[in-house]
Amino acid sequence: MSHLILSCSLSPKSHSALLAGLLKESLESKGAPTQLIDLRELPLPFCDAGACYGDPNVHKLKEAFSGATSVTIATPIYNFETGGATRNLLALTGRDAWQDKLVGFVAAAGGQGSYMSIMPLASSLMLDFRCLIIPRFVYATGASFTEGKLTDPKVEERIAELESELRRLSACLASSSP
């Protein structure tokens, strides 16, 4: 059982990337094999429905999916929507990469009003790509951070809860595989 975390923010001071790193640390502290892919370090082409699929970084990304039991998307929320890099990543990887994966979410936004912004993405992954969505996600606002560090204990608790659910549900799926 391997866990893939996709940090989809391109911002150098990304709060969602910070949360992705904390989730990785939490999973690894429990001995769970985990890979973090940060899109700031793996530049992806814009999906053009053609040549983009041959890009070496798209191949690296798809390869990371092949060994993962679970995938967690760490995304910024901009204007009540997941970031464009997140949506581009989905278009580049397609249904085959996501099908039958357990999927979790970590999101960072400026304010509390966007907390439901993950739902269109979760619904699309569940219905179009046949993913199993963890009904618990981490959402943090700008007030949860001070000087580039997470300072909200409730968000830390939600990261621990997500980590626990990722491990528990991955184990259930592994034990029920034919």
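Residues numbered from 1 in each chain as written. Predicted model: local features only at pLDDT ≥ 70, side-chain atom pairs only at ≥ 80, totals over all residues. Heavy atoms only, no water.

Chemist: Which parts of the structure should I look at to understand the side chain of asparagine 57?
Modeler: Here asparagine 57 shows up in helix H2 (residues 56–66). The exposure class assigned to asparagine 57 is buried, which follows from its relative accessible area of 14%. (Helix = DSSP H or I, 4+ residues; strand = E, 2+ residues; numbered from the N terminus. Buried < 20%, exposed > 50% of the residue type's maximum accessible area, 1.4 Å probe, protein only.)

Chemist: Is there a simple way to explain helix H3 (residues 84–98) in this structure?
Modeler: Three or four residues apart is the spacing at which side chains of an α-helix point the same way, because the helix has 3.6 residues per turn. Taking 1.5 Å per residue as the helical rise, H3 with its 15 residues ought to reach 21 Å, whereas the 18 Å between its terminal C-alpha atoms falls clearly short. The axis of H3 is deflected most strongly, by about 60 degrees, at leucine 92. For H3, every residue scored as buried is listed here: Ala85, Thr86, Asn88, Leu89, Leu90, Leu92, Thr93, Gly94, Ala97 and Trp98. Buried residues along H3 sit against strand S1 (3–7), H2, strand S3 (70–78), strand S4 (81–82), strand S5 (102–109) and helix H4 (118–128). Directly beyond the C-terminal end of H3, a positive phi value near 65 degrees is found at aspartate 100. (Expected span 1.5 Å × (residues − 1). Bend = angle between axes of the 7 residues up to and from the residue. Contact = heavy atoms within 4.5 Å.)

Chemist: When you look at the pairing of S1 in this model, what are you seeing that I'm missing?
Modeler: Remark: a regular strand shows side chains that alternate across the two faces of the sheet. Among the five residues in S1, five count as buried, and that is most of the element. Where burial is concerned, the two faces of S1 agree: the one with His3, Ile5 and Ser7 and the one with Leu4 and Leu6 are both buried. Bridge count between S1 and S3: five bridges; the pairing is parallel. Looking across to S3, one finds that isoleucine 5 is bridged to threonine 72. (Pairing = 2+ DSSP bridges.)

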